Every structure is written in structure tokens, then in C-alpha cells.
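Fold and contact review
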Amino acid sequence: MNYKRRSLIFHITLILVAASITNTNAQTFSAGFNHALFNCASGTPECVGSNTSGQLGLGTWVSHSTPVQVSALNGIIAVDATYGNSLFLKNDGTVWAVGANGNGQLGNGTTTSEIAPVRVLGLTGITAIAASIDFSIFLKNDGTVWGVGNNTNGQLGDGTTVSKTTAVQVMGLTGITAISAGMAHSLFLKNDGTVWATGSNYYGQIGNQPYFGVQTPVEIAGASGITAIAAGGTHSLFLKNDQTVWGVGSNAYGQLGNSNVGHYIYNAFQIEGLSGISKLAGGFLFSLFLNNNGTVLASGANTYGQLGDNSTTDKSIPTAIPGLNGVIAIDAGVHFSMFLKSDGTLKSVGNNNSGQLGDGTNIQRLTPVLVNNVCANSLSIVQNHDKEALAVYPNPCHERLFIETTNFNLENGDTIVELSTLQGQLLKSTVLKTPATALLINDLKTGIYFVTIKSAKGVYSKKIVKN
């Protein structure tokens, strides 16, 4: 759900093997209200949890407590789950949506709910998606932002408070690199490190602005050098280039991680005790912080155990989740949390009333449990007798692109990775010397590119999205 984030890591793995495999290190994921979505290497997403509004996209209203495929979709590179609807970004830059549509948030020109995915009208070249309770925003490859759905608080940023059933452009924004949607406000990260926002400000979630909010984007004072953003329900989080975290908005449950600043904060401030942070996730009334060392800290409301510390006690300062390590991606839903580990396993914790934790039960969990068989049968497989393995991630990517190889002979210096435009223009080229290699891509414009690995054993290409 994008009460966040969303600076989510996307991990798409291309596996080259001779036989069937069960590795699940291939999914991106999104935690919503009481359902979750997973993006698999095959491009066919999976889903779990409540389906009372058709939000799982299965063509039915049947809920599930273990992940199932959304067979109607393919070529999907990003997913976002929210209250009663879901968004899917396709590799051709189109967006598809399903579920509740009472405010036109599916963007298909109606307010009729759907149980099978429909295309969001008028959108092409989209590189990022963000879904809220009843509105959605979309980042285009030209750095503009578009929105659809409920607009009573000005969260669509088009200068009005009139809701929309087809997407409209957010006014005055260019050079945007990331987006995130809260309960009634929207956040936008610009390529100069500033943060802009529109919508409700009753809790201070868009900074020092009128409490009734704004209808066109304004810059959030005090937020500079920002590299990632995450909108919670009524609070906002910012990751700075020195890996510190800043916040603004509601702190009534400790979601801003400081017990000394009061309940409503209208000026961005640094959250104490957080350093070396690489990712953020904003839940409804809580926050998650991923440390460089693979551990996760959490603060805020814990009524359903979503902070993962084997209790239901709220936390006013960020506290490490016991026993959780090796984490590479996080997401916060309304009352549950999800974590992707470096070994490819996915864990979840918190409310499970609709099976949204994916462990095959409806039992609330106070410590993280394993999500069962995510993407286990939907990996992108290419036959190759050498049993090679190649992973290119995250996808979409932002600052760095990682290349991981297995069983490649790198000593000969004949394995090359190239980055090029869709038109074939070579932008970067380097020799792979180690099994794990990082390419700096922060100088690239937002858009779609090809990564090509060339070796004596073959040529392998992957399309990536830079956001």
C-alpha cells in the first residue's frame, strides 16, 4: 500500500538453468489494508488476502491465505496494494487496476468496481505507481506526475478539489524522480533533492502549510538533499543523502520516532537514533526503517503486532525487530508489515484476519512468519546447459543497479555488462570482475534501458526501468 513509499526495492531475477527450480528470490511486494501483492520474475504477479472488493484481480470475490497467480496479467514490473484496490505497472509503461472504484481511483472513466484488471485510461510511459485509499498517482518518464480518484483534499494537485475518474496532470511539477501517497496527501521527490507535496495538512503531513491543506504542490521546508520519500497515513518520512531520516506530520502513536516532539509536527525534523538507513516505509500509523546492515527498526502503533517485537505495545522510538536480519526490502501496510530477505524468503507480521500474511492461516502474528511459496512456480526460466545464473536488480532502479552471477568464469575478463538505450545507444560498459557488481546509474534520466551481459557462453539481455 502506498502509505509509504515508496522507495521500494524491486528485485527481478533472470535464472538460467537446465531443470526446474524452487528459488523464490524473484518478487517485489506491496502490503495493503488486508491484502498483499507480489511481482514475480515471469511478469505474472501473485496476490494474497482479502478479495471482498475484487482487489486480487482474479475475476472472483474469493479470498486466499496463500499466494495465487493473477493470471490475467503479464509483463508486470511493479505492484501497489491499498485498501480495496490494486495497481499494476506493465513493462510497456501502461497501468492496470482492479478492485474498489467508488471515487474513480481505477482511472477507467467510471466509478464501478472491477474484479478483473482494467487499463488506466490515457497513461503511457509510466515508470512508478502509488495507490492510496481512494486515489492513485503515477510518475511518467518525462518527470511529470498524474493522478486520479478522490480529490476532496487536493491530493491530485490539479488546483481543484473535484474528484476525477480519468487521470489529470499534477500542476507545476517537473523533474520528479519518486512519488508516494498517504491517506489524503501526496509526496513528490524532485531531482534536486527537494520534496513537494499536495493535499491534506490537518496533522502537518505536508509541512508548514495551512491545516486544511493545498490543492497544488508546495515545497516542504527543511527537506533538502533527500534521496527517498515515504508517505504514511498522516505522516511523511524523508531519507537524506547522509542516510539520516527526517519526518513531519502526526506523531500521536510515535510513528515519527521521537517521544519529545509532540503529537503534530509542522516542521521537518531529524529523527534521533537513525543512521545508516537505506530504505523507508510508512504504514497507516507506524514506520519501518531498513538499516544498511540488513536489520529493521520500527516505531508507532503496534495494536496488531505489526512492529514484530512479540508484543502489541506501541513504540515511540525506533526499535530493532528481534531476530530479523539479512533484509533487503521492506513494506508497511495498514496493520501488517512485510520483509524480503537476501536469501529470497519473504516474511510478514501483524494483522492476518484475511490471510494477508500469506502463511496459510488467519492467525494474527506478533513475530515475522514465512510467506508460503511466493513466485515458486512463476520464475522466468531460460534453458542453458551450463546451469548459469544471472540476477539484475532492483528493477525499477534509482541510484545503483546490481549484477549478480553464478558459475561465470570471470577470470578471463571476457564477461562484459553494457547499458544502452532502447534505440541501441551504448551508455556504459564495464568488465565483470566479481560475482556481485554495482553500476552507478544516478546520472541516467528516468526511462527504460537495456542491460546486456556478454560472455563466451552467450548474450543475455534484460529491460530495466530507471526512476
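Everything discussed here concerns the structure shown above.
Every value quoted in this text rests on a predicted model; they were computed, and no experiment measured them. (Residues numbered from 1 in each chain as written. Predicted model: local features only at pLDDT ≥ 70, side-chain atom pairs only at ≥ 80, totals over all residues. Heavy atoms only, no water.)

**Let's talk about a nonpolar patch on the surface**
Taken together, the side chains of Y202, Y211 and F212 make up a nonpolar region of the molecular surface, amounting to roughly 390 Å² of accessible area. Residue position: F212 is located in the loop between β16 (195–199) and β17 (214–219). Accessibility expressed as a relative area gives 55% for F212, which makes it exposed. (Patch = residues over 30% accessible without salt bridge, like charges linked within 9 Å, V, L, I, M, F, W, Y side chains within 5 Å. Areas by Shrake-Rupley, 256 points an atom, 1.4 Å probe, with all protein chains shown as cover. Salt bridge = Lys/Arg side-chain N within 4 Å of Asp/Glu carboxyl O. Helix = DSSP H or I, 4+ residues; strand = E, 2+ residues; numbered from the N terminus. Buried < 20%, exposed > 50% of the residue type's maximum accessible area, 1.4 Å probe, protein only.)

**Structural notes on the environment of A100**
Examined against the element boundaries, A100 turns out to sit in the loop between β8 (95–99) and β9 (114–119). Distance in space between the C-alpha atoms of A100 and I133 is 9.4 Å, their sequence separation being 33 residues. Excluding anything up to four places from it in sequence, A100 contacts S53, G84, N85, Q105, L106 and S113. (Contact = heavy atoms within 4.5 Å.)

**Re the sheet that holds β9**
By way of backbone hydrogen bonds, the strands of a sheet pair with one another, either parallel or antiparallel. Read across the open sheet, the four strands follow the order β6-β7-β8-β9; overall the sheet is antiparallel. Sheet topology places β6 (76–81) and β9 at the edges, where each strand pairs with a single neighbour. Going across the sheet, the axis of each strand differs from the next one's by a mean of 15°, ignoring polarity. As paired strands, β6 and strand β7 (residues 85–90) are joined by five bridges and run antiparallel to one another. The residue bridging D80 from the neighbouring strand is L87, located in β7. (Pairing = 2+ DSSP bridges. Axes fitted to C-alpha atoms, helices over the stretch in contact; angles between N-to-C directions.)

**Quick notes on the packing of aromatic side chains**
Scanning all chains against the criterion turns up five aromatic pairs. Taken together, a centroid distance of 5.0 Å and an interplanar angle of 80° make the contact between Y202 and Y203 edge-to-face. Given a relative accessible area of 25%, Y203 falls into the partly exposed group. A ring pair is formed by Y202 and Y211, whose centres lie 6.4 Å apart and whose planes are at 70°; its orientation type is edge-to-face. The class of Y202 is partly exposed, set by a relative accessible area of 47%. (Phe/Tyr/Trp six-rings, centres within 6.5 Å; stacked < 30°, edge-to-face > 60°.)

**So, the sheet that holds strand β11 (residues 135–140)**
Taken in spatial order, the four strands of this open sheet run β10-β11-β12-β13, and their pairing is antiparallel. Only two strands of the sheet have a single partner each, and these edge strands are β10 (126–131) and β13 (164–169). Sheet twist, expressed as the mean angle between neighbouring strand axes with direction ignored, is 20°. Bridge count between strand β12 (residues 145–149) and β13: three bridges; the pairing is antiparallel. Note that in β13 the partner of G147 across the bridge is V168.

**Focus: unusual backbone geometry**
With a phi angle near 70°, Q243 is a residue other than glycine that sits in the positive phi range. Relative to the helices and strands, Q243 is located in the loop between β19 (235–240) and β20 (245–250). Of note, the phi angle at N310 is positive, near 65°, even though the residue is not glycine. Structurally, N310 can be placed in the loop between β24 (296–300) and β25 (315–320). N310 sits in the exposed class, given a relative accessible area of 53%.

**Some remarks on the state of the cysteines**
Using the criterion set out here, one finds one disulfide in the structure. No disulfide involves C47; its sulfur sits 10.0 Å from the nearest other cysteine sulfur, which is in C40. (Disulfide = S-S within 2.5 Å.)

**Side note on the pattern of salt bridges**
Using the criterion set out here, one finds four salt bridges in the structure. K164 is the salt-bridge partner of D158, the closest N and O atoms lying 2.7 Å from each other. Here D158 and K164 have matching classes, each one buried. The salt bridge involving D443 is made with K428; its shortest N-O contact spans 3.2 Å. Here D443, found in the loop between β35 (436–440) and β36 (447–455), pairs with K428, found in strand β34 (residues 426–431); they are 15 residues apart in sequence, far enough to count as distant.

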